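# What the coordinates show
Here is how the chains run, residue by residue.
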Amino acid sequence: MLIVMKMDATPRQVEEVVSTIEGRGLKAHAIPGAQRTAIGITGNLGVVEPAHFESLEGVLEVIPVSHPYKLVSREFKSDGTVVDVGGVKIGGSELAVIAGPCSVESYEQTSRIAHKIKAAGAHILRGGAYKPRTSPYSFQGLGREGLEILARVRDETGLPVVTEATDIDVLDLVAEYADMVQIGARNMQNYTLLKRAGRCGRPVFLKRGMNATITELLLAAEYLLDQGNGDVVLCERGIRTFADHTRNTLDVSAVPAVQRISHLPILCDPSHASGKRHKVLPLARAAVAVGANGIMVEVHDRPAEALSDGPQAILPEEFQELMDQLRVLAPMVDRTVPALV
Ligand code: PEP
Ligand code: MN
């Protein structure tokens, strides 16, 4: 349910509505807008009648919200959300480019790659310290040492860092080091992890599960917002289909579908979507053309030696070529590619 306040409603009247909502054991989410304040209500709405709120001072109207997702929806907040990740803005008219290796393998490897992607114009460094691997025998990540390497490379380059928390056991530690905490595709419906991530005090990068619908993705994001974390960036990273020429299928149609329903920014990850180096640039261009707020790509300067996802890593030269192409493409979709200051 959404309560829309009158344009001249006073802060006291807004507080009064909030405390009435809370007095009924529900959660109130005040959403200040340019014109007026709206207050979203979540919780068990089974017994709540609009009439309970309609008569309160300063209330213009009470709107029942028909979708299962509420806080993530444009009904609750019509303006697009812009998430600040260590000074880099994700959302709005600027494209955000996240790049880096699949895994943090060593300080030298991460530092080398970070300097190369920075020179090409990347905005945020990626790299996994905790890796969710399909096989228990594959490289699982350097753990805490990987986080320390990322922090050191951030200090060297000035690039904010996104890295994955695979489990509630490591979430707080990851949040201490990362500028944005990644929740991976395999964990998109790990509700305990989502609730904790909603309280971790950092922006969250939420990847779409490989078999998740748009509704399921938005409901996963809803867990984060319901815990008070509005700094959420969504990521389409490819879904399972019958296609066998590619690791997953990049669902570019998810981008306009999500943007119509939700105010949250959405990026595409053409690396995990395709699994093949030669498909990454074309799919990254498609993502920007379809209106994504940015991309996440895996880059490695020695992909044959990479400890994970080498076949899909593009070379730094290819990443440079991609950035040059995005600068040409961006204005066609009313976007810019900001240069790091
Ligand atoms: C990753 O970004 O390193 C990753 C494991 O991605 P996904 O969760 O999309 O598979
Ligand atoms: Mn990877």
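The structure we're discussing is the one just above.
What you see is a predicted model; the values in this text were computed from it and never measured.

What follows concerns the overall build of the protein chain. Looking only at helices and strands, the protein chain has 11 helices and 14 strands in total. At 21 Å, the protein chain has a C-alpha radius of gyration in line with the 20 Å of a compact globule built from 341 residues. Counted over contacts in the protein chain with a minimum sequence separation of 6, partners at least 24 positions apart contribute 70%. As displayed, the protein chain offers around 14600 Å² of accessible surface, 51% of which is attributable to carbon and sulfur atoms. Within the protein chain, one finds 36 positive and 41 negative side-chain charges whose respective centroids are separated by 3 Å.

Another point: the side chain of Asp309. Considering the arrangement of structural elements, one finds Asp309 in the loop between strand S14 (294–298) and helix H11 (316–329). A distance of 3.1 Å separates polar atoms of two side chains, one belonging to Asp309 and the other to His272. In contact with Asp309, other than residues within four places in its own chain, are Cys102, Arg247, His272 and Glu298.

In the vicinity of ligand 1, the residues found are Arg126, Lys131, Pro132, Glu164, Gln182, Gly184, Ala185, Arg186, Lys207, Arg237, His272 and Glu298. Between ligand 1 and Gln182 there is a distance of 2.9 Å, counted from an oxygen atom to a side-chain nitrogen or oxygen. Protein contact buries 97% of the 300 Å² of open area that ligand 1 shows by itself. Here the residues of the shell around ligand 1 sort into 2 nonpolar, 3 polar and 7 charged.

Glancing now at the packing of helix H4 (residues 144–157) against helix H5 (residues 168–177). What describes two packed helices is the angle between their axes and the distance between those same axes. Between H4 and H5, the least distance of the axes is 9 Å, while the angle of their chain directions is 15°. In terms of their interaxial angle, H4 and H5 are classed as roughly parallel. Between H4 and H5 the crossing geometry is right-handed. Contact with H4, carried on its side by Arg144, Leu147, Glu148, Ala151 and Arg154, involves Leu173, Val174 and Tyr177 of H5 and no other residues of that element. Residues of the contact of H4 with H5, tallied by class, amount to 5 nonpolar, no polar and 3 charged.

Take the pattern of salt bridges next. Any two side chains of opposite charge can pair, on the condition that their charged atoms come close. Using the criterion set out here, one finds 12 salt bridges in the structure. Measuring nitrogen to oxygen at the nearest pair gives 2.8 Å for the salt bridge that ties Asp179 to Arg154. On the criterion of sequence distance, the pair formed by Asp179 in the loop between H5 and strand S10 (180–183) and Arg154 in helix H4 is long-range, its members being 25 residues apart. Between Asp309 and Arg247 there is a salt bridge, with the nearest N and O atoms lying 3.2 Å from each other. Of this pair, Asp309 sits in the loop between S14 and H11 while Arg247 sits in the loop between strand S12 (232–236) and helix H8 (254–261), and the two are 62 residues apart along the sequence. What emerges from the salt-bridge pattern is a single network uniting Arg112, Lys116 and Asp301.

In this fold, Ala243 is placed in the loop between S12 and H8. With a relative accessible area of 23%, Ala243 lands in the partly exposed category.

Turning our attention to the nonpolar core. By size, the foremost hydrophobic cluster in this structure holds 81 residues, and its most contacted members are Ile117, Leu206, Leu234, Ile295 and Phe319. The element contributing the most residues to this core is helix H7 (residues 214–226), with 7 residues.

Bringing the coordination of the manganese ion (ligand 2) into the picture now. Every protein donor of the manganese ion (ligand 2) is listed here as Cys102 (SG), His272 (NE2), Glu298 (OE) and Asp309 (OD), and their distances to the metal cover 2.0 to 2.4 Å. Taken in chain order, the donor set of the manganese ion (ligand 2) reads C-x169-H-x25-E-x10-D. With Glu298 in strand S14 and Asp309 in the loop between S14 and H11, this pair connects stretches of sequence that are 11 residues apart. With respect to burial, Glu298 and Asp309 carry one shared label: buried.

Here we take up the packing of aromatic side chains. In this structure the tally under the stated criterion is 1 aromatic pair. Here Tyr191 and Tyr223 contribute two aromatic rings whose centre-to-centre distance is 4.6 Å and whose plane-to-plane angle is 25°, an arrangement assigned as stacked. Of this pair, Tyr191 sits in helix H6 (residues 191–197) while Tyr223 is found in helix H7, placing the two residues 32 residues apart along the sequence. What makes Tyr223 partly exposed here is its relative accessible area of 30%. The ring of Tyr107 has Arg152 sitting right over it, with the charged end atom 3.6 Å from the ring centre.

Conventions used here
Residues numbered from 1 in each chain as written. Chains lettered and ligands numbered in written order. Predicted model: local features only at pLDDT ≥ 70, side-chain atom pairs only at ≥ 80, totals over all residues. Heavy atoms only, no water. Helix = DSSP H or I, 4+ residues; strand = E, 2+ residues; numbered from the N terminus. Rg over C-alpha atoms; globule rule 2.2 N^0.38 Å. Contact = heavy atoms within 4.5 Å. Areas by Shrake-Rupley, 256 points an atom, 1.4 Å probe, with all protein chains shown as cover. Lys, Arg positive; Asp, Glu negative; His and termini not counted. Charge placed at Lys NZ, Arg CZ, Asp CG, Glu CD. Polar contact = N/O pair within 3.5 Å; in protein donor to acceptor, adjacent residues only side chain to side chain. Near = heavy atom within 4 Å. Nonpolar A, V, L, I, M, F, W, Y, C, P; charged D, E, K, R; others polar. Axes fitted to C-alpha atoms, helices over the stretch in contact; angles between N-to-C directions. Parallel < 35°, antiparallel > 145°, perpendicular 65-115°, else oblique. Left-handed = near helix turned anticlockwise from the far one by under 90°. Salt bridge = Lys/Arg side-chain N within 4 Å of Asp/Glu carboxyl O. Buried < 20%, exposed > 50% of the residue type's maximum accessible area, 1.4 Å probe, protein only. Core = buried A, V, L, I, M, F, W, Y, C linked by side-chain atoms within 4.5 Å. Donors = N, O, S within 2.8 Å, 3.2 Å for Na, K, Ca; no water. Phe/Tyr/Trp six-rings, centres within 6.5 Å; stacked < 30°, edge-to-face > 60°. Lys NZ or Arg CZ within 6 Å of the ring centre and 35° of its normal.

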